[in-house]
Amino acid sequence: VSAIDWAVLAGTLAVIIGYGTWKTRGIQTVGAYLRGGEDAKWWTIGLSIMATQASAITFLSTPGQGFDDGLGFVQFYFGVPIAMVVLCATIVPIYYRTRVLTAYEYLEQRFDLKTRQLTALIFLLQRGLGAGLSLYAPAIILSVVLGWPPLVTSIAIGLLVIVYTVSGGTRAVNQTQQLQMTVMLAGMALAVIFIARQLPVSLTDALSVAGVLGKLKAVDYSVKLDTRYTFWSGLTGGTFVALAYFGTDQSQVQRYLSGESLRQARLGMLFNGVVKIPMQLMILFVGVLVFVFFQFNPAPLFFNKQLHAPAYEAQHVALESEKSELLKSWLSTRSPDTEAQLLALDGRQHELKAAARAEISKADPLANTKDADYVFLTFVIEHFPRGLVGLLLAVILCAAMSATASALNALGTTSLVDFYRRSFNPQVDNDRALRLSKLFTAGWGLVAIAFAIFASRLDNLIQAVNILGSIFYGPMLGVFLVGFFLKRVGGTAVFIATLVAQAAVIVVFLASDIGFLWYNVIGCAVVVLLSLPLSRVVPAPLAR
Amino acid sequence: MDDKGTPPDVDDARSWRGAYVAVLVWLAVQIAALTLLSWIRL
């Protein structure tokens, strides 16, 4: 990383953090701190929603997924536009009319205190862990690239986020996310252009190569419960997870509750529904282009430099050059015979890598042999020009900071509103509440940093976060659905159903191979289906 | 519906229907284009 890159990276971060802190100086009331002044326009809300979901994991793992598996991961996002429409039509107007500060506050109005605090507790647990993961992801990657220990990187990013999130609250998060999202989109668009220009073949030929090797297979209509991403799991499980995430996760709810009006909130959410799939597709496509680049240029056996399998290196190099020659000949002839040979060779490459992985795992059973997360950054460092490397590093750090900032902001708000002010000190005055909000936000920042330090040895990172989310999201969504649509069900019935559903999802996770997107459907269905008969045994109080 | 189970302001909801349909049509167009990309050989 050159001096120019450092300047670009430091300059970008300094401008964003400085702008966010300056724009939000002098916040005096806890209301303004938690709600962000209620003057956000749709583009701020939309970009803030996108930046909250886009963590560093998105920019590191997603190109890696494109490199390994092609465009199929995009199916996970098919549910987002549907969820945006459903939420705009149902839940968002209710939040605005009831003037709640958190999603869980609504549940006390509808059910009772224990249901509110159970869901708030599930949120704190899940988002607290998630915030740790969103710090850890860039920390390990930067440790490989820059040689920094992940400990130092996690603490540095975490402390930077704590500074502006604690000082400016919701408004600081929204304002910085607007800029961060702009940097992320611009950085990735430049990456696509730059990689396309680096390819030794034309873009059409590059797409042909990607297509013949199965990387452009974006939609899989097969009905397989154990396949993670299919059209069906994306449309059903993806919709459920998006409904739960955008509708009940305080880190998202707080973004659109800061809107100037219901209209601005709806427009911001629909904006997210319109641009989400193209954005994810662009990031996956970066991975596909990197894959094509390495069909014609030597690639390491493992992109994570900590993985070594010397016994397989010679064979890897031989297979690579054979495949590269075969591809060139296929591009000029397009003969079916060459294509068959090509696919056979591709299969042999996969087998070789699997054998190398098995060898490494045999020597060190705890080694993480999936190196997909390292593909994109390794490419950036080795092939991008000066300046652009710094910008791409800024993209990754902006993403880490934006996701963590929303999480800390929401965790602090929920701790104050749903627990401290509700159960311990309802009469707390403004100044003390403001101080406590800042204290809770900072406290959760420290918890996230601590968790990041322990979060090593996880599978592909983005999937770890999504799996973690899916374990908790189904039951959470179930509670809200019962709240909106089954008005005869009372607090105790839904409370018991939620506990049972949560246990059921954990059992399914531990004891079956069902794709994780289905956990959302299962958890939600158990809550809805169980709370109905339970409501006959424990009816809702008539007075409500 | 609100917290007591009554539908939200009908007029307001109705004025947003066009926007909702447009977002869903855009989703269908994207899925169709991606399906085509999965099937055709460039």
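Residues numbered from 1 in each chain as written. Chains lettered and ligands numbered in written order. Predicted model: local features only at pLDDT ≥ 70, side-chain atom pairs only at ≥ 80, totals over all residues. Heavy atoms only, no water.

Residues and elements named next belong to chain A. One can describe the packing of helix α12 (residues 237–248) onto helix α22 (residues 517–537) by two numbers: an axis separation of 7 Å at closest approach and a directional angle of 70°. The angle between α12 and α22 places the two elements in the roughly perpendicular class. Here the hand of the crossing between α12 and α22 comes out left-handed. Residues G237, G238, F240 and V241 of α12 lie in contact with α22, whose contacting residues are L517, N520, V521 and C524. Counted by class, the contact of α12 with α22 contains five nonpolar, three polar and no charged residues. (Axes fitted to C-alpha atoms, helices over the stretch in contact; angles between N-to-C directions. Helix = DSSP H or I, 4+ residues; strand = E, 2+ residues; numbered from the N terminus. Parallel < 35°, antiparallel > 145°, perpendicular 65-115°, else oblique. Left-handed = near helix turned anticlockwise from the far one by under 90°. Contact = heavy atoms within 4.5 Å. Nonpolar A, V, L, I, M, F, W, Y, C, P; charged D, E, K, R; others polar.)

With that settled, the discussion passes to the interface of chain A and chain B. A common measure of how large an interface is: the accessible area buried when the components associate. The partner chain B presents 24 residues to the 40 residues of chain A that form the contact. Carbon and sulfur atoms make up 69% of the surface buried where chain A meets chain B, a total of about 2700 Å² over both sides. Inspection of the region where chain A meets chain B yields six residue pairs in polar contact (both at pLDDT 80 or more). The set of elements that each furnish at least two residues to the side of chain A that touches chain B consists of α5 (79–89), α6 (91–98), α7 (103–110), α10 (203–212), α11 (231–235), α14 (262–296) and α20 (461–485) of chain A. The element best represented in the side of chain A that touches chain B is α14 of chain A, accounting for nine residues. For the side of chain A that touches chain B, a count of residues per class yields 27 nonpolar, five polar and eight charged. (Buried area = accessible area lost by both parts, 1.4 Å probe. Polar contact = N/O pair within 3.5 Å; in protein donor to acceptor, adjacent residues only side chain to side chain.)

Attention shifts here to the pattern of salt bridges. All names here are of chain A. On inspection of all chains with the given rule, the structure shows 15 salt bridges over all chains. Between D418 and R116 there is a salt bridge, with the nearest N and O atoms lying 2.7 Å from each other. Taken together, the positions of D418 in helix α18 (residues 388–424) and R116 in helix α8 (residues 113–146) put the pair 302 residues apart, joining distant regions of the chain. A relative accessible area of 0% means that D418 is categorised as buried. Through salt bridges with shared partners, one network takes in E108, R116, D418 and R422. (Salt bridge = Lys/Arg side-chain N within 4 Å of Asp/Glu carboxyl O. Buried < 20%, exposed > 50% of the residue type's maximum accessible area, 1.4 Å probe, protein only.)

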